[in-house]
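# Descriptive structure summary
Spelled out, the chains give:
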Amino acid sequence: MHVTTSIPLIVVTGSTGQLGGRVAARLAALGQPQRLLVRDPARAPQLPDAEVIQAAYEDGPSMRVAFSGVQTLFLVSGWGPTRLEQHYSAIDAAVAAGVERIVYTSFLSAAPQATFTHAREHYLTEQHIRASERRYTFLRPSFYLDRAPRWFSEEGVIHGPAGNGTVSWVSRDDLADVAVSVLTTGGHDGASYDITGSQALTLAQAAEQFSRATGLPASYQPETLEEARASRAKFNPPEWELEAWVSCPLSAILSRRSPAMPPRPSLTTFTGIRRAISTSLRPGFDPVQDEVDQRIDQLLGVSPS
Ligand SMILES: NC(=O)c1ccc[n+]([C@@H]2O[C@H](COP(=O)([O-])OP(=O)(O)OC[C@H]3O[C@@H](n4cnc5c(N)ncnc54)[C@H](OP(=O)(O)O)[C@@H]3O)[C@@H](O)[C@H]2O)c1
């Protein structure tokens, strides 16, 4: 597989954020021309071969202008109670503007009845993309490893109705590497890639790793569903956020018997996906000497095997 030159310009969304910013920086380092679609141009990253255009997902006319003359769209999912409408608006604008290929950041086990409520919105977004009859690839990451510390309270306790279920957190860096692989190589049309870290940890194990990495005491306190709702409701989140918040750790306990795992080829570890799609992505890129996995292990306090 080789970096293609048949994609003259990629529209990258979310470049003012954590994931899209990483993707844009990596594309720039590869010399890939891109158009950064941002809500606030003053916050756009300054990158070579990158033009900046102002638009917002929910603003169809601005999106159609931003997509004009572009073949490939990297669509980072939005946030909030209207995110589904925002996604539909962005996809519809891409279709109207003649975009041929959409790479969308979905979520692991996206399905209509997924336990994690946000994964249902991702599923509906995927369906909208499928119905658009554009070429597509879905990136389905697990929870972000970078945000794992935020699962812990100030006292170092990770609460949740997760039982002994496991979470295989993945770093945004790894996800960005995969996104760039997919955006700059062929052979991914119609694929959905599960993207996880290389370890599935119970929350008790996560607490151990967190404690080892930070030197702070940490522990896991299992909750019932009712306890989970009550402990989060005191922060007065809107209903959609409360459900997402509770269903997030709940998805760990149910993930093993979830019927949502896709029957299509599933690349369940980053090492796996890296081997599968990017062995010849760029010079010196060695899937065995995996510096990114080493970084994760360092963060998690795991000794290299
Ligand atoms: N897997 C996980 O654990 C996990 C956790 C949290 C979030 N997520 C999802 O992953 C996405 C990317 O993560 P991230 O860490 O990069 O989030 P982030 O840092 O908040 O970045 C989100 C990006 O999307 C842009 N954006 C949001 N709504 C938009 C809209 N309506 N129109 C145009 N641009 C819009 C934001 O622009 P502004 O800078 O203008 O706001 C920002 O650049 C999130 O948006 C969320 O859907 C996943």
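Residues numbered from 1 in each chain as written. Predicted model: local features only at pLDDT ≥ 70, side-chain atom pairs only at ≥ 80, totals over all residues.

## So, the nonpolar core
Which entries qualify depends on this criterion: Definition of nonpolar core: a set of buried Ala, Val, Leu, Ile, Met, Phe, Trp, Tyr and Cys residues joined via C-beta atoms within 7 Å. Whether a residue is buried, exposed or partly exposed follows from its count of other C-beta atoms within 10 Å of its own C-beta, namely 20 or more, 12 or fewer, or something in between, respectively; the C-beta atoms are built from the backbone. Here a helix means four or more residues in a row that DSSP labels H or I, a strand means two or more in a row labelled E, and each is numbered from the N terminus. Our contact criterion uses C-beta atoms placed from the backbone: two residues qualify when those atoms are within 7 Å.
In terms of nonpolar packing, the biggest core is built from 65 residues, with F74, I102 and A179 touching the most fellow members. Among the elements that take part in this core, helix α5 (residues 172-184) stands out by supplying 7 residues, more than any other. In this structure A179 touches V23, F74, V103 and L139, once residues within four positions along its chain are discounted. Formed by 8 residues, the second largest nonpolar core is a distinct cluster that contains A114, A119, Y123 and C248.

## As for the packing of helix α1 (residues 18-29) against α5
Quick reminder of the rule: Only the contacting stretch of a helix is used when fitting its axis, a line to C-alpha atoms as for every element, and angles between N-to-C directions run 0 to 180 degrees. Our angle categories are set so that under 35 degrees counts as roughly parallel, over 145 as roughly antiparallel, 65 to 115 as roughly perpendicular, and the remainder as oblique. For a crossing to be left-handed, the near helix must be turned anticlockwise from the far one by less than a right angle; the clockwise case is right-handed. For this scheme, ten residues count as nonpolar: Ala, Val, Leu, Ile, Met, Phe, Trp, Tyr, Cys and Pro. Four count as charged, namely Asp, Glu, Lys and Arg, and the remainder, Gly too, count as polar.
Close contact between α1 and α5 brings their axes to 9 Å; oriented N to C, the two are set at 50 degrees. One element, α1, and the other, α5, form an angle in the oblique class. Two packed elements cross with a definite hand, and for α1 against α5 that hand is right-handed. Residues Q18, L19, R22, V23, R26 and L27 of α1 touch α5, and the partners they reach there are R172, D173, L175, A176, A179, V180 and L183. A class-by-class count of the residues in the contact of α1 with α5 yields 8 nonpolar, 1 polar and 4 charged.

## Details of the sheet that holds strand β4 (residues 72-75)
Backbone-to-backbone hydrogen bonds pair the strands of a sheet. The strands run either parallel or antiparallel. Under the convention used in this document: Whether two strands pair depends on DSSP finding at least two bridges between them.
The 7 strands are arranged β3-β2-β1-β4-β5-β6-β9 in an open sheet whose pairing can be described as parallel. Pairing within the sheet leaves two strands with one partner each, and these edge strands are β3 (50-54) and β9 (191-195). The mean angle between the axes of side-by-side strands here comes to 20 degrees, regardless of whether they run parallel or antiparallel. Pairing between strand β6 (residues 135-141) and β9: 5 bridges, direction parallel. Within β9, the residue paired with P141 across the bridge is I195. In this fold helix α4 (residues 117-131) packs onto β5 (101-105) and β6, with an angle of close to 175 degrees to the strand it touches most, β5.

## Considering the confidence of the model for the chain
Put simply, the rule reads: The predictor reports its confidence for every residue as pLDDT, a score running from 0 up to 100.
Taken residue by residue, the chain gives an average pLDDT of 81. The fraction at 70 or more is 80%. The low-confidence segment residues 1-5, where pLDDT is below 50, has 10 contacts with residues more than four positions distant or belonging to other chains. Predicted confidence for residues 256-305 stays below pLDDT 50, and this span has 64 contacts to residues more than four positions away or in other chains.

## Considerations on the packing of helix α2 (residues 60-67) against helix α3 (residues 83-97)
At a minimum axis separation of 8 Å, α2 and α3 run at an interaxial angle of 45 degrees. Here α3 runs oblique to α2, going by the angle between their axes. In this structure, the crossing between α2 and α3 has a hand that is right-handed. Together, G60, M63, R64 and F67 of α2 and S89, A90, D92, A93, A94, A96 and A97 of α3 make up the contact between the two elements. In the contact of α2 with α3, the residues fall into 7 nonpolar, 2 polar and 2 charged.

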